[in-house]
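# Per-entry structural report
Single-letter residue listing:
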Amino acid sequence: RRASDDLINLISVFEGFSSSAYLDDFTGDPTLGYGVLVFPGEMFYNNLTKTEAYALLSQSVNNDGYSSRVNDFLLDNDIEFNQQQYDALVCFAYNCGTGPLFSDDELIDALLNCKHNGSLDFNYIGKQYLIDKFCAYHHAGGGCVYGLLYRRVDEMEMFFYGDYNADYGNYKYPISYTCYKNSSFHT
């Protein structure tokens, strides 16, 4: 499966556009266009147009391991899923890397918490458990980054409701998540 056009559009909104390479504020990694990482020794061009950057984003999402690693996780675990659920995981992987899908035992447990009639089906997933584990990925630089938290909630809205809008905290669906000890984030 490949990332949908709706997902590529949403990621472009989340990432913002830069025609020239810059160092990511949180990771320090060289980045270009719509958040595409530039790896050591890799050839790249500055002064990209938005059309060129969008093509680079689409290629990166679908060909640089994000889509294929999500496919690997889903197929290795024989999980039934739909496009919006797949896209939500690809969006997460594009932002956080694919490592958590294979190394975060709590996130993996939440994703595999979808048993129905002897099989695994995301339509029967433990909703709040997944939200809690997914939304835990909103820290950078040692603290809560609300932009990342809003992105995680947007990904959960995509997963559960097929909503591909960047709402930036102005949500239509009931999703709540504890952001800090003794405080909650509610949409």
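Because the structure is a prediction, the values reported are computed rather than measured.

In terms of helices and strands, the chain carries 8 helices and 10 strands. Taken against the 2.2 N^0.38 rule, which gives 16 Å for 187 residues, the C-alpha radius of gyration of the chain at 16 Å falls within 12% of a compact globule. Each principal axis of the C-alpha atoms in the chain carries an extent, and together these give about 50 × 40 × 30 Å. Counting the 187 residues in the chain, one finds 43% classified as buried. Considering only intrachain contacts with a sequence separation of at least 6, the fraction spanning at least 24 residues in the chain is 56%. On the chain, roughly 9,400 Å² of surface is accessible, and the fraction owed to carbon and sulfur atoms is 48%. Put simply, the chain has 11 plus and 25 minus side-chain charges, and the middle of one group is 4 Å from the middle of the other.

Attention shifts here to the nonpolar core. Membership of the largest hydrophobic core comes to 50 residues, with the highest contact counts inside it found for Leu74, Phe122 and Leu130. Listing elements by their share of this core, those giving two or more residues are helix 1 (5-15), helix 2 (50-63), helix 3 (66-76), helix 4 (83-96), helix 6 (105-112), helix 7 (127-135) and helix 8 (146-161). It is helix 4 that contributes the most residues to this core, 8 residues altogether. With residues up to four places along the chain from it excluded, the contact list for phenylalanine 122 reads Leu74, Ile79, Glu80, Phe81, Gln85, Leu89, Leu111, Cys114 and Phe159.

This next bit is on the packing of helix 6 against helix 7. One can describe the packing of helix 6 onto helix 7 by two numbers: an axis separation of 9 Å at closest approach and a directional angle of 150°. As far as their axial angle goes, helix 7 and helix 6 are roughly antiparallel. As helix 6 packs across helix 7, the resulting crossing turns out to be left-handed. Across the interface between the two elements, Glu106, Leu107, Asp109, Ala110 and Leu111 of helix 6 pack against Tyr129, Leu130, Lys133 and Phe134 of helix 7. By residue class, the composition of the contact of helix 6 with helix 7 is 6 nonpolar, no polar and 3 charged.

Here we take up helix 1. Turning to helix 1, its buried residues number three or more, namely Leu7, Ile8, Leu10, Ile11, Ser12 and Phe14. Looking at the buried side of helix 1, the elements it contacts are helix 2, helix 4 and helix 8. Glycine 16 sits one or two residues past helix 1 and shows a positive phi near 75°.

Our focus in this paragraph is the pairing of strand 1 (residues 18-23). As paired strands, strand 1 and strand 2 (residues 30-33) are joined by 3 bridges and run antiparallel to one another. Residue pairing across strands places serine 18 opposite glycine 33, the latter belonging to strand 2. What sits between strand 1 and strand 2 in their antiparallel hairpin is a turn of 6 residues, with glycine 28 showing a positive phi close to 75°.

Looking now at the confidence of the model for the chain. Of all residues in the chain, 95% have pLDDT values of 70 or greater, and the mean over the chain is 90. Per-element confidence in the chain ranges from a low mean pLDDT of 42 for strand 10 (residues 183-186) to a high of 98 for strand 4 (residues 79-80). Note that residues 180-187 has pLDDT below 50 and, in this model, 21 contacts with residues that lie over four places away or in other chains.

Bringing helix 3 into the picture now. All of the buried residues along helix 3 are Tyr66, Ser67, Val70, Asn71, Phe73 and Leu74. Down the axis of helix 3, the buried set is contained in an arc of 160°. They therefore lie on one face. Among the exposed residues of helix 3, those oriented more than 90 degrees off its buried face are Leu75 and Asp76. Buried-residue contacts for helix 3 involve strand 3 (36-37), helix 2, strand 4, helix 4, helix 5 (100-103) and helix 6. Positive phi shows up at aspartate 78, right after helix 3, with a value of about 50°.

The rules behind each value
The residue numbers shown here count from 1 along each chain, following its written sequence. Local features in this predicted model are restricted to residues whose pLDDT is 70 or higher, and side-chain atom pairs enter the listing and the counts only when it is 80 or higher, whereas totals over whole chains, interfaces and linings include all residues. Where side-chain values are given, they derive from all heavy atoms of the structure, hydrogens and water being excluded. Secondary structure elements follow DSSP: runs of H or I of four or more residues count as helices, runs of E of two or more count as strands, with numbering from the N terminus. Atoms counted for the radius of gyration: C-alpha only. Globule rule: 2.2 Å times residue count to the power 0.38. Any residue under 20% of the maximum accessible area for its type is buried, any over 50% is exposed, and the rest in between are partly exposed; the area is computed with a 1.4 Å probe on protein chains only. Any two residues having at least one pair of non-hydrogen atoms within 4.5 Å are treated as being in contact. Per-residue and other accessible areas follow the Shrake-Rupley method at a 1.4 Å probe size, with only the shown protein chains counted as cover for residues. All tallies of charge rest on Lys and Arg as positive and Asp and Glu as negative; His and the ends of each chain are not included. For the purpose of locating charges, the reference atoms are NZ of Lys, CZ of Arg, CG of Asp and CD of Glu. Note on terminology: a nonpolar core comprises buried Ala, Val, Leu, Ile, Met, Phe, Trp, Tyr and Cys residues joined through side-chain atoms within 4.5 Å. Under this scheme, a helix contributes an axis fitted over its contacting stretch, all axes are lines through C-alpha atoms, and angles between N-to-C directions fall in the 0 to 180 degree range. Roughly parallel here means an angle under 35 degrees, roughly antiparallel means over 145, roughly perpendicular means 65 to 115, and every remaining angle is called oblique. Helix crossings fall into two classes, left-handed where the near helix is turned counterclockwise from the far one by less than a right angle and right-handed where it is turned clockwise. Residues are grouped as follows: Ala, Val, Leu, Ile, Met, Phe, Trp, Tyr, Cys and Pro are nonpolar; Asp, Glu, Lys and Arg are charged; all remaining types, including Gly, are polar. Two strands pair under a simple rule: DSSP has to find at least two bridges between them. pLDDT runs from 0 to 100 and stands for how confident the predictor is about each residue. As used here, the arc is the angular range of directions from the helix axis to the C-beta atoms.

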